[in-house]
Amino acid sequence: MHNFRQLQIWKEGMGIAKATYLLINDMPSVEKFGLISQISRCAVSVPSNIAEGSSRSSNKEFSHFLSIALGSLFELETQILLSVDLGFLVSGNVESLIVKIIQLQKKIATFKKTLI
């Protein structure tokens with residue numbers, strides 16, 4: 001079992017979730033039940049699955065939850081890029097968040113390898 005609060009990937013996931021929530025405040029309210037809802041669920045899913053997985057009794061189970069968190073990160077990246085393409089978000093406002101998302105994708109993938 002791991003203490004999720006001490007995991008760097010959880011801390012970074014929390015940072016991405018917070019940054020994402022601040023970013024989507026600028027999106028049009030017409031997207032409240034569309035992309036905004038989907039983006040917020042993905043962002044929260046990342047640290048939540050890391051935390052839930054850390055409570056599991058085996059590394060195999062933890063790895064499964066890390067896979068879900070990783071999938072949520074790729075989904076989040078896609079939805080943010082789509083929001084830029086649709087003009088809901090400004091490219092310059094999302095660049096640093098996209099960089100953080102990609103970095104965390106790599107860190108989670110690397111961390112998963114240590115659990116095998």
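Residues numbered from 1 in each chain as written. Predicted model: local features only at pLDDT ≥ 70, side-chain atom pairs only at ≥ 80, totals over all residues. Heavy atoms only, no water.

A. A look at the environment of Thr-114. Along the chain, Thr-114 falls in helix H4 (residues 91-114). In this structure, the C-alpha to C-alpha distance between Thr-114 and Ser-63, residues 51 residues apart in sequence, is 9.5 Å. Here the side chain of Thr-114 touches Phe-111 through a polar contact of 2.6 Å, landing on its backbone oxygen. (Helix = DSSP H or I, 4+ residues; strand = E, 2+ residues; numbered from the N terminus. Polar contact = N/O pair within 3.5 Å; in protein donor to acceptor, adjacent residues only side chain to side chain.)

B. Representation of the nonpolar core within the structure. Among the nonpolar cores identified, the biggest contains 32 residues, and Ile-9, Ile-50, Leu-66, Leu-76, Ile-80, Ile-101 and Ile-108 are the most heavily contacted of them. Listing elements by their share of this core, those giving two or more residues are helix H1 (8-24), helix H2 (35-54), helix H3 (59-85) and H4. Every residue in contact with Leu-66, bar those within four places of it in the chain, is listed here: Ile-9, Ile-50, Ile-108, Phe-111, Lys-112 and Leu-115. (Core = buried A, V, L, I, M, F, W, Y, C linked by side-chain atoms within 4.5 Å. Buried < 20%, exposed > 50% of the residue type's maximum accessible area, 1.4 Å probe, protein only. Contact = heavy atoms within 4.5 Å.)

C. Seen up close, the pattern of salt bridges. Under the counting rule described, the total for this entry stands at 2 salt bridges. Across the salt bridge formed by Lys-107 and Glu-12, the nearest N and O atoms sit 2.6 Å from each other. Placement of the pair is Lys-107 in helix H4 and Glu-12 in helix H1, with a sequence separation of 95 residues. (Salt bridge = Lys/Arg side-chain N within 4 Å of Asp/Glu carboxyl O.)

D. Expanded view of the packing of aromatic side chains. Taken as a whole and assessed by the stated rule, the structure comprises 2 aromatic pairs. Ring geometry for Phe-4 and Trp-10: centres 5.1 Å apart, planes at 70 degrees, overall edge-to-face. Residue Phe-4 is classed as partly exposed on the basis of its relative accessible area of 24%. Consider the rings of Phe-62 and Phe-111, whose centres lie 5.8 Å apart with planes at 75 degrees: the pair is edge-to-face. (Phe/Tyr/Trp six-rings, centres within 6.5 Å; stacked < 30°, edge-to-face > 60°.)

E. Representation of the packing of H1 against H2 within the structure. Running from amino to carboxyl end, H1 crosses H2 at an angle of 165 degrees, the nearest separation of the two axes being 8 Å. On the basis of their axis angle, the class for H1 and H2 is roughly antiparallel. In this structure, the crossing between H1 and H2 has a hand that is left-handed. Note on element contacts: H2 touches H1 through Ile-36, Ile-39, Ser-40, Ala-43, Val-44, Val-46, Pro-47, Ile-50 and Ala-51, opposite Ile-9, Trp-10, Gly-13, Met-14, Ala-17, Thr-20, Tyr-21 and Ile-24. Tallied by class, the residues present in the contact of H1 with H2 amount to 14 nonpolar, 3 polar and no charged. (Axes fitted to C-alpha atoms, helices over the stretch in contact; angles between N-to-C directions. Parallel < 35°, antiparallel > 145°, perpendicular 65-115°, else oblique. Left-handed = near helix turned anticlockwise from the far one by under 90°. Nonpolar A, V, L, I, M, F, W, Y, C, P; charged D, E, K, R; others polar.)

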